[in-house]
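This is what each chain is made of:
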Amino acid sequence: MATAIQEMVKAVILTISDSASRGERVDLSGPSVAEELKAIRSEVVTIEVLPDDRSQIADRIRYYADNGLANLIVTTGGTGFSPRDLTPEATRDVIEREAPGLAELMRAESMKITPLAALSRAVCGIRGRALIINLPGSVRGARENLAAVVRTLPHAIDLLAE
Amino acid sequence: MATAIQEMVKAVILTISDSASRGERVDLSGPSVAEELKAIRSEVVTIEVLPDDRSQIADRIRYYADNGLANLIVTTGGTGFSPRDLTPEATRDVIEREAPGLAELMRAESMKITPLAALSRAVCGIRGRALIINLPGSVRGARENLAAVVRTLPHAIDLLAE
Amino acid sequence: MATAIQEMVKAVILTISDSASRGERVDLSGPSVAEELKAIRSEVVTIEVLPDDRSQIADRIRYYADNGLANLIVTTGGTGFSPRDLTPEATRDVIEREAPGLAELMRAESMKITPLAALSRAVCGIRGRALIINLPGSVRGARENLAAVVRTLPHAIDLLAE
């Protein structure tokens with residue numbers, strides 16, 4: 001893109017994990033997502049750890065989007081096939097416009113590394129002026145998926161602010 | 001396909017653009033889509049320019065599909081991240097059956113040219129005997145995306161007429 | 001995956017075809033899907049032939065999933081553009097969580113063979129502890145699509161049983 005980027009990316013990272021939210025496991029995925037976001041000019045407002053609870057996930061996305069606290073909300077975890085994996089459903093509950101191309105690109109790139117990437121049920125979409133992106137829960141999966149789209153995010157967020 | 005194509009493709013092109021609908025900008029995308037449709041045996045019934053208004057877009061798609069005026073309705077514009085980009089939502093409002101493979105193929109081909117193609121939120125689907133296809137608003141994006149699927153359209157439209 | 005697979009794959013194959021259900025055509029796709037499932041440790045519980053009837057398809061998926069008779073329900077047929085092709089819609093009626101990556105991977109692999117693969121409207125998703133996968137109706141299309149994902153299925157089904 002020739003256009004200069006105007007908007008600063010203000011990111012919130014939501015780690016979705018029952019065990020990490022109970023303190024039984026240290027959250028490594030959240031910090032690794034923050035590390036990957038250094039690829040673009042961005043500020044990580046906060047990393048929050050939540051249990052795999054559909055309404056709680058939806059509430060926190062709404063909170064950060066609707067109060068203008070973030071224009072990028074990245075979740076990590078809860079995108080798989082376990083009965084408790086409900087992050088995509090929570091995301092669909094709150095997005096107003098879907099952005100399927102970002103999820104498709106993440107999976108396509110990730111499938112070059114492992115066919116199990118096809119099991120990611122990640123959803124991406126827009127609520128107000130915030131972009132929401134689901135990533136898998138593993139440190140490696142989260143970074144690989146985010147790396148596939150990270151450079152398109154400043155332009156996307158700039159358009160949301162129009 | 002070995003099967004001979006029976007149905008003539010009758011296409012309507014809807015250019016979705018606030019500025020073009022106000023006459024502040026000449027519509028170049030609509031005519032370039034018409035040009036690309038020459039790759040298949042087809043007749044362009046009309047090119048219409050509409051503002052980025054969700055219910056107006058939905059109404060015009062319904063009008064052309066339900067009155068048998070077209071079996072292919074191609075929109076250009078309104079598939080991005082700006083707050084006024086609502087063409088995919090208008091399309092979802094009226095389609096009865098989604099055809100995700102066409103949107104996936106357009107984005108996959110387009111991403112080979114630019115990663116920003118992942119930001120296209122285009123939707124494809126069926127209403128009655130009409131196929132609806134969203135394309136991006138830029139002349140180049142519209143042509144590249146349509147080129148990725150244009151040769152599959154006669155067969156698709158033939159099946160709709162069964 | 002390093003993890004050992006615990007759950008046995010118990011598959012039901014639903015052939016969706018008006019003509020085969022009326023006995024006017026022999027079902028070749030169902031048996032060919034069973035053949036392809038030999039690539040993984042699995043048991044085919046039954047092959048059933050159904051007409052292209054949306055509520056009947058939905059009912060049978062519910063029956064096999066909700067009674068624990070199968071953890072994998074593979075449909076073949078009804079994924080195209082004919083007015084009677086309603087398998088994806090029936091599948092959406094009953095799944096609780098979508099698994100778009102499996103459908104994307106099947107189409108991406110199939111498109112390497114023919115661009116007409118973009119016309120598959122197949123949907124994949126989860127109901128309870130069962131995974132539902134739509135395949136095209138042609139013997140060749142069904143096998144090619146299933147081959148693209150079959151090796152990820154034991155891991156997916158293992159996660160569902162957690």
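Residues numbered from 1 in each chain as written. Chains lettered and ligands numbered in written order. Predicted model: local features only at pLDDT ≥ 70, side-chain atom pairs only at ≥ 80, totals over all residues. Heavy atoms only, no water.

(A) Here's a closer look at the packing of aromatic side chains. Residue and element names in this part refer to chain C. Counting across every chain of the model gives 3 aromatic pairs over all chains. Centroid distance Tyr 63 to Tyr 64: 5.1 Å. Interplanar angle 75°. Geometry classified as edge-to-face. Looking at Tyr 63, the relative accessible area reads 37%, which means it is partly exposed. (Phe/Tyr/Trp six-rings, centres within 6.5 Å; stacked < 30°, edge-to-face > 60°. Buried < 20%, exposed > 50% of the residue type's maximum accessible area, 1.4 Å probe, protein only.)

(B) Fine view of the interface of chain A and chain B. Between chain A and chain B, the residue contacts involve 18 residues of the former and 17 residues of the latter. For the pairing of chain A and chain B, the buried interface totals around 1500 Å² over both sides, and the portion due to carbon and sulfur atoms is 66%. Area buried by chain A at its contact with chain B is led by Arg 97, Glu 104 and Thr 152 of chain A, which between them contribute 34% of it. On inspection of chain A and its partner chain B, the count reaches 2 salt bridges. A salt bridge links Glu 104 of chain A to Arg 107 of chain B; the nearest nitrogen and oxygen atoms lie 2.8 Å apart. Remark: the boundary between chain A and chain B carries 7 residue pairs in polar contact (both at pLDDT 80 or more). (Contact = heavy atoms within 4.5 Å. Buried area = accessible area lost by both parts, 1.4 Å probe. Salt bridge = Lys/Arg side-chain N within 4 Å of Asp/Glu carboxyl O. Polar contact = N/O pair within 3.5 Å; in protein donor to acceptor, adjacent residues only side chain to side chain.)

(C) Representation of the relation of the copies chain A and chain B in the model. In the superposition of chain A on chain B (RMSD 0.0 Å, axial shift 0.0 Å), the rotation amounts to 120°. The relationship between the two copies is best expressed as a three-fold rotation axis. Considering only C-alpha atoms, the residue of chain A closest to the rotation axis is Glu 104 of chain A, which sits at 4.4 Å. With a heterologous cut-off of 20% or less, the 6% of interface residues of chain A that recur at the interface of chain B puts this contact in the heterologous class. (Least-squares fit on C-alpha atoms with pLDDT ≥ 70 in both.)

(D) Spotlight on helix α6 (residues 139-149) of chain C. When α6 of chain C is considered as a whole, its buried residues turn out to be Gly 141, Ala 142, Asn 145, Leu 146 and Val 149 of chain C. Taken around the axis of α6 of chain C, the buried residues stretch over an arc of 120°, which confines them to a single face. (Helix = DSSP H or I, 4+ residues; strand = E, 2+ residues; numbered from the N terminus. Arc of directions from axis to C-beta.)

(E) Expanded view of the sheet that holds strand β3 (residues 72-76) of chain B. All names here are of chain B. If you trace the 6 strands from one edge of the open sheet to the other, you get β2-β1-β3-β6-β5-β4, paired in mixed fashion. Only two strands of the sheet have a single partner each, and these edge strands are β2 (42-50) and β4 (97-98). Where strand β5 (residues 124-127) lies against strand β6 (residues 130-135), 4 bridges are found, and the strand directions are antiparallel. By the bridge assignment, Cys 124 is partnered in β6 with Ile 133. Relative to β6, helix α7 (residues 153-160) is tilted by about 145°, and along the sheet it contacts β1 (9-16), β3, β4, β5 and β6. (Pairing = 2+ DSSP bridges. Axes fitted to C-alpha atoms, helices over the stretch in contact; angles between N-to-C directions.)

(F) Fine view of the pattern of salt bridges. Evaluated as defined, the whole model comprises 41 salt bridges over all chains. Across the pair Arg 140 of chain A and Glu 144 of chain A runs a salt bridge whose closest N-O atoms are separated by 2.9 Å. Of the two residues, Arg 140 of chain A and Glu 144 of chain A are both situated in helix α6 (residues 139-149); the distance of 4 residues between them amounts to about one turn of the helix. Residue Glu 144 of chain A is classed as partly exposed on the basis of its relative accessible area, which comes to 22%. Across the salt bridge formed by Asp 93 of chain B and Arg 54 of chain B, the nearest N and O atoms sit 2.8 Å from each other. Taken together, the residues span a long stretch of sequence, with Asp 93 of chain B in helix α4 (residues 87-94) and Arg 54 of chain B in helix α3 (residues 54-66) at a distance of 39 residues. Its relative accessible area of 40% is what places Asp 93 of chain B among the partly exposed residues. Three or more residues are tied together by salt bridges with common partners; here these are Arg 92 and Glu 98 of chain A, Arg 92 and Glu 98 of chain B together with Arg 92 and Glu 98 of chain C.

(G) Looking closely at the confidence of the model for chain A. Of all residues in chain A, 98% attain a pLDDT of 70 or more, and the chain-wide mean is 96. Overall fold confidence (pTM) sits at 0.96, and the ipTM for the predicted complex is 0.95. (pLDDT = per-residue confidence, 0-100.)

(H) Quick look at the interface of chain A and chain C. Taken residue by residue, the interface counts 17 residues in chain A and 18 residues in chain C. For the pairing of chain A and chain C, the buried interface totals around 1500 Å² over both sides, and the portion due to carbon and sulfur atoms is 66%. Counting every contact that joins chain A to chain C gives 2 salt bridges. Between the two partners, chain A and chain C, sit 7 residue pairs in polar contact (both at pLDDT 80 or more). No other element matches helix α5 (residues 100-111) of chain A, which puts 3 residues into the side of chain A that touches chain C. Class assignment of the residues belonging to the side of chain A that touches chain C gives a composition of 8 nonpolar, 3 polar and 6 charged. (Nonpolar A, V, L, I, M, F, W, Y, C, P; charged D, E, K, R; others polar.)

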